[in-house]
Every structure is written in structure tokens, then in C-alpha cells.
Amino acid sequence: QQDTELPVHVEADRAHLDDRRGISIYRGNVTITQGDTVIRGDVVTVHSPERELERMEAEGEPARLDTLDKDGRPVHAEAQRMTFLPPSQEVILSGNARILQSEDEFRGDRIVYDLEKAVLEASTGETGRVEAIFTPGERPAETE
Amino acid sequence: MNRGRRLGILTLVLAASLGYWLASGPEQRRLATPGTVSPDAPEFFAEDFTVWSMDETGTLRYRLSGRRMEQRQRDGARLLTAPVLLLQEQGTPHWVLQSETGWIAPDGDRVRLQGQVDLNRIAAPGRPPLDIRTSDVLVRVPQQEATSRTPARLEAPRYHAEGIGMTLNLARETLDLHRQVRGEYAPGP
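Rules used throughout
Residues numbered from 1 in each chain as written. Chains lettered and ligands numbered in written order. Predicted model: local features only at pLDDT ≥ 70, side-chain atom pairs only at ≥ 80, totals over all residues. Heavy atoms only, no water. Helix = DSSP H or I, 4+ residues; strand = E, 2+ residues; numbered from the N terminus. Buried < 20%, exposed > 50% of the residue type's maximum accessible area, 1.4 Å probe, protein only. Contact = heavy atoms within 4.5 Å. 1 Å grid on protein atoms, 1.4 Å probe; cavity = no way out; pocket = protein on both sides within 12 Å on 5 of 7 lines; lining within 4 Å. Points joined across faces, edges and corners; volume = space filled by probe spheres on them. Nonpolar A, V, L, I, M, F, W, Y, C, P; charged D, E, K, R; others polar. Phe/Tyr/Trp six-rings, centres within 6.5 Å; stacked < 30°, edge-to-face > 60°. Lys NZ or Arg CZ within 6 Å of the ring centre and 35° of its normal. Pairing = 2+ DSSP bridges. Core = buried A, V, L, I, M, F, W, Y, C linked by side-chain atoms within 4.5 Å. Patch = residues over 30% accessible without salt bridge, like charges linked within 9 Å, V, L, I, M, F, W, Y side chains within 5 Å. Areas by Shrake-Rupley, 256 points an atom, 1.4 Å probe, with all protein chains shown as cover. Salt bridge = Lys/Arg side-chain N within 4 Å of Asp/Glu carboxyl O. Buried area = accessible area lost by both parts, 1.4 Å probe. Polar contact = N/O pair within 3.5 Å; in protein donor to acceptor, adjacent residues only side chain to side chain.

The name given to chain B in an unreviewed UniProt entry is Lipopolysaccharide export system protein LptC, with Ectothiorhodospira mobilis as the source organism.

What follows is the structure, given as C-alpha cells:
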């Protein structure tokens, strides 16, 4: 089953739900789970106008994301802010954003990560720097 | 007069007094000593009732119906059986709160709903209905606020949430869940 078809679960210490505005704010040890994707933050704001889940904004010191790529390899990300878009299965990381995909690491001020394709697009902020650190794959054992 | 005869007369007198007391019915016994009327005796009671309560401007504060309402002599508080409380704020869909039993403060500003409590906001254009199930709720009518310390569960199309302890503002349509919150959102269309 595609993750997009799975319900999104939220756990937190407390919550303020505003049905008229379609905004819910979860506070304290917040965990969002959908399939293999888990996002943790201190505060998560959920936008669901007329009950359609649109986006979930996580804030933390940092907020953290753990998921698996399409080959089942672990992906870990951290940022001060994460916006999770369940309909398109994208996560927008901003503020000291970094992603570890297997052995490789990407840093930037803003990173958009596609959970389904495991593709990321990093963009600079004022620092004007995007860093990518690739760990060379293990060289095949030399045969005598 | 020897001791045996005095004892006999005393026993006869006691038996006669006891017999007179037993012979007078419960009603006489109560009337006989008005000071001991039960403080919880009803001043009046109504069955299968509906009450419309207005504020000082004549605006409906709430409509209350139920199987039985009893007003207590002691303090004017009203005890309710199977109450159904309708609360409406201008321009917003109304809420219907029902429970097994209830109590209304003498001034009518506080309503306590006891046992299982269901709070339902009807559907309105673009606004699906909202259902909350909890127990033992205190309603502060002027503030349009309902609070409970017990587990509460909100059910709505495509979404539900639960926690322990709640504060519902019926006018602003906001719900605070105080502890151990779980929520679930259905995936997109």
C-alpha cells in the first residue's frame, strides 16, 4: 500500500484543535507517523481546511525525520522546521537542514525531499552554500 | 410497695408509650416533628419537560429538556434525569449535550452533566458535524465552555482525536485536549 493511502497518526502531550479554522496545534513530544515515515518535533501545526489534510509543520531543536528510501535504506533528516505534505509525499526542510541518505550527507538552508522517489533538491540561503558529502562506495576486494 | 410491683408498673408504662408511638402512622410521625423534614425533599418536580432559559436581554441562553427535573428545597438546585441541553451562539451551528443525569446550579449559570456525556455539533454549510464523547462535564453557560477531566474522544469525518481531560469552547469551536493526545487523519481524497 502506498504511504499516501495510509492514515497519518499524531501523538503529543496536549493539543488545541480549532475546527472552524481547520488548524490543530500539537505540543510536547510530538510524533507524526505515516507508514515508514516518522517525524518528531516539539510543536506540530496541522492544516486541514474542511478536514482535508493539507500540510503538517513541525518545529524542533531540531525536528527530526526518519524514513526508508524505495530500496529500503534508512534516511534521516534534521532541520529547525519541517513541512510535511502528505498528498504529494514531500518534506520541506528549512533552517540548518541536513539529510543523511545511507552514507551520503547533504546540507543547505532549504532542502525539499521527495519521500517516494527519494530525490532531494537543496537550495542556498544567505550562506550561499549547499554541501554534499559523498562517501565513496567500498572498492571490490582485489583478486590476486 | 415492694420492688417487684414497682418494676411491673414501669414495664406497663413503657409498653403503653411504645404502643402509642407505633400506632401513629409515618405521616403523623413526620408531621409530629416538622423540624426533621429531609433537606433534599423536592420543592417541585417536572416530568418530560422542556425549559427555555433567557439572558437579561431576552436572548436564548439554552434550551433544556429531559425526563425529570427536581428542584431541591434546601438550595434551589435542580437535579435532572436524562437531560438534553441545547446551546447556541449567534451565527454558529448549535451544540446538543446529553448525559445520564445532571444538576443545575440555582443561578442557572453552571450545569453539571454526569455519567457518559455526548456533545454533538450539527452539520452546517461547509462544516461537517462534530461529535465528542466523554463523561462528567461541567458546563459554564455564560462562558459557553464545557470541561472534563476524564478521557475525551472527538470524532469527525476523516479525522479523530482523543486525550485525557478537555476544554471545549462552544462559541469559538475550539477543543483543548490536556494530556496523552492521539490523533488520526485520513489520507488525501
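(A) Region of the structure containing the overall build of chain B. Along the backbone of chain B there are 2 helices and 10 strands. Shown N-terminal to C-terminal, the secondary structure of chain B runs as helices and strands in the order α-α-β-β-β-β-β-β-β-β-β-β. Counting across all 189 residues of chain B, residues that qualify as buried make up 40%. Taking as baseline every contact in chain B between residues at least 6 positions apart, the subset at least 24 positions apart corresponds to 35%.

(B) Region of the structure containing empty space enclosed by the protein. Here the structure, examined in full by the defined rule, presents 1 cavity of 30 Å³ or more. Considered as a void within the structure, the largest cavity measures approximately 30 Å³ in volume. Residue lining of the largest cavity: Ser48(A), Arg51(A), Leu53(A), Arg158(B), Tyr159(B), Tyr185(B) and Ala186(B), and that is the complete set. Grouping the amino acids of the lining of the largest cavity by side-chain chemistry returns 4 nonpolar, 1 polar and 2 charged.

(C) Focus on the environment of Gly60(A). All names here are of chain A. As for its placement among the helices and strands, Gly60 is situated in strand β5 (residues 55–68). On the basis of relative accessible area, Gly60 is assigned to the buried category, the value being 5%. Residues contacting Gly60, with those up to four places away along its chain left out, are Asp42, Ala79 and Gln80.

(D) Quick peek at the packing of aromatic side chains. By the definition in use, this model includes 1 aromatic pair over all chains. Of note, Arg68(B) hangs over the ring of Phe45(B), and the distance from its end group to the ring centre comes to 4.1 Å.

(E) Focus on the pairing of strand β6 (residues 74–85) of chain A. All names here are of chain A. Pairing between β5 and β6: 10 bridges, direction antiparallel. Each bridged residue has a counterpart across the sheet, and for Glu57 the counterpart in β6 is Thr83. Taking the residues between adjacent antiparallel strands as the criterion, β5 and β6 are bridged by 5 residues, where Gly72 takes a positive phi near 80°. Hairpin remark: β6 followed by strand β7 (residues 90–101), antiparallel, with 4 residues in the connecting loop; positive phi at Gln89, about 55°.

(F) Representation of the layout of surface pockets within the structure. Looking at the largest pocket, its volume works out to about 230 Å³. Residue lining of the largest pocket: 25 residues in total, with Asp18(A), Asp19(A), Arg20(A), Gly22(A) and Arg51(A) positioned closest to the centre. Every element with two or more residues in the lining of the largest pocket is listed here: β2 (14–18) and β3 (23–34) of chain A together with β7 (130–140), β9 (159–169) and β10 (174–185) of chain B. In terms of residue class, the lining of the largest pocket is built from 11 nonpolar, 5 polar and 9 charged.

(G) Geometry of the nonpolar core. Formed by 61 residues in total, the largest nonpolar core has its most connected members in Tyr26(A), Met56(A), Met82(A) and Val139(B). Here this core takes 5 residues from β6(A), the largest share from any one element. Not counting the four nearest positions on each side in its chain, Met56(A) is found in contact with Val8(A), Val10(A), Ile32(A), Val44(A), Thr45(A), Val46(A), Met82(A), Thr83(A), Phe84(A), Pro86(A) and Tyr185(B).

(H) Seen up close, unusual backbone geometry. At the junction of Glu61(A) and Pro62(A), the peptide bond is cis and its omega measures out at 0° in the coordinates. Its identity as a non-glycine residue notwithstanding, Glu50(A) has a phi of 50°, on the positive side. For Glu50(A), the location among the structural elements is in the loop between β4 (37–47) and β5. For Glu50(A), a relative accessible area of 61% puts it in the exposed group. Phi is positive for Gln144(B), which is not a glycine, with a value near 55°. Mapping Gln144(B) onto the fold places it in the loop between β7 and β8 (145–156).

(I) Structural detail: a nonpolar patch on the surface. Residues Trp52(B), Met54(B) and Leu60(B) make up a contiguous nonpolar surface patch of roughly 310 Å² in combined accessible area. Topologically, Leu60(B) is positioned in strand β2 (residues 60–72).

(J) Broad picture of the environment of Val44(A). Residues and elements named next belong to chain A. Along the chain, Val44 falls in strand β4. You can call Val44 buried: its relative accessible area is 1%. Once the C-alpha coordinates of Val44 and Ile32 are considered, the two residues, 12 residues apart in sequence, prove to be 8.6 Å apart.

(K) Highlighting the interface of chain A and chain B. In this complex, chain A contributes 26 residues to the contact, which on the side of chain B involves 32 residues. When the two sides are added together, the surface that chain A and chain B hide from each other amounts to roughly 2200 Å², 46% of it contributed by carbon and sulfur. Counting the contacts that link chain A with chain B gives 4 salt bridges. Note that Arg20(A) and Glu173(B) form a salt bridge whose closest N and O atoms lie 2.7 Å from each other. Here chain A is connected to chain B by 13 residue pairs in polar contact (both at pLDDT 80 or more).

(L) Geometry of the environment of Arg40(A). The residue Arg40(A) is located in strand β4 in this model. Beyond its immediate sequence surroundings of up to four residues, Arg40(A) is in contact with Val30(A), Thr31(A), Ala63(A), Arg64(A) and Asp66(A).

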